[in-house]
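Single-letter residue listing:
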Amino acid sequence: MARIITAIVGWIAAVAPFLSLAPTAWLVGVRTYEHLHWPWPVALVAALAVELLGLAVSVTALDNGPGTGISEVGTMLRDSAAGGAACRLFRRR
C-alpha cells in the first residue's frame, strides 16, 4: 500500500507544476481577446507565449534540482535571448 501511495504522490508531484501553468495562459488569452479586443490569433499567441515561458522556467528550475535558488533561475532567464531583452526593457524604467 505504501508503494502505491508513493507512486501516486510521485505522479502528482511530476504533473502538478505543468498543470499549474494552464490557468495563467487561459487568463492571458481570454483577457487579451475580450478586454484588449485583439484578434483571437494574437490572443492565442500571447497565451502560448506565457505558457511556454512558464514551462521553460519550471523545467529549468526542476532540472537543476534542490538547492537551486530563484537567483540562479533568474540568471538563466536573463542569459537567454528573450529573457535578456526583457531584463534590458525593465532596467530602463
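Everything here concerns the structure above.
Fair warning: this is a prediction, and the values are worked out from it, not measured in the lab.

Draft legend 1. The overall build of the chain, seen in detail. Along its length, the chain carries 5 helices and 0 strands. A buried classification covers 15% of the 93 residues belonging to the chain. A sequence separation of at least 24 residues applies to 40% of the contacts in the chain between residues at least 6 apart. For the chain, the exposed surface amounts to about 7200 Å²; the carbon and sulfur share of it is 72%.

Draft legend 2. Structural context of the side chain of Thr 32. Here Thr 32 is to be found in helix H2 (residues 22-34). Classification of Thr 32 by relative accessible area gives buried; the value is 8%. Setting aside residues up to four positions removed in sequence, Thr 32 forms contacts with His 37, Trp 38, Ala 43 and Ala 46.

Parameters and conventions
- Residues numbered from 1 in each chain as written.
- Predicted model: local features only at pLDDT ≥ 70, side-chain atom pairs only at ≥ 80, totals over all residues.
- Heavy atoms only, no water.
- Helix = DSSP H or I, 4+ residues; strand = E, 2+ residues; numbered from the N terminus.
- Buried < 20%, exposed > 50% of the residue type's maximum accessible area, 1.4 Å probe, protein only.
- Contact = heavy atoms within 4.5 Å.
- Areas by Shrake-Rupley, 256 points an atom, 1.4 Å probe, with all protein chains shown as cover.

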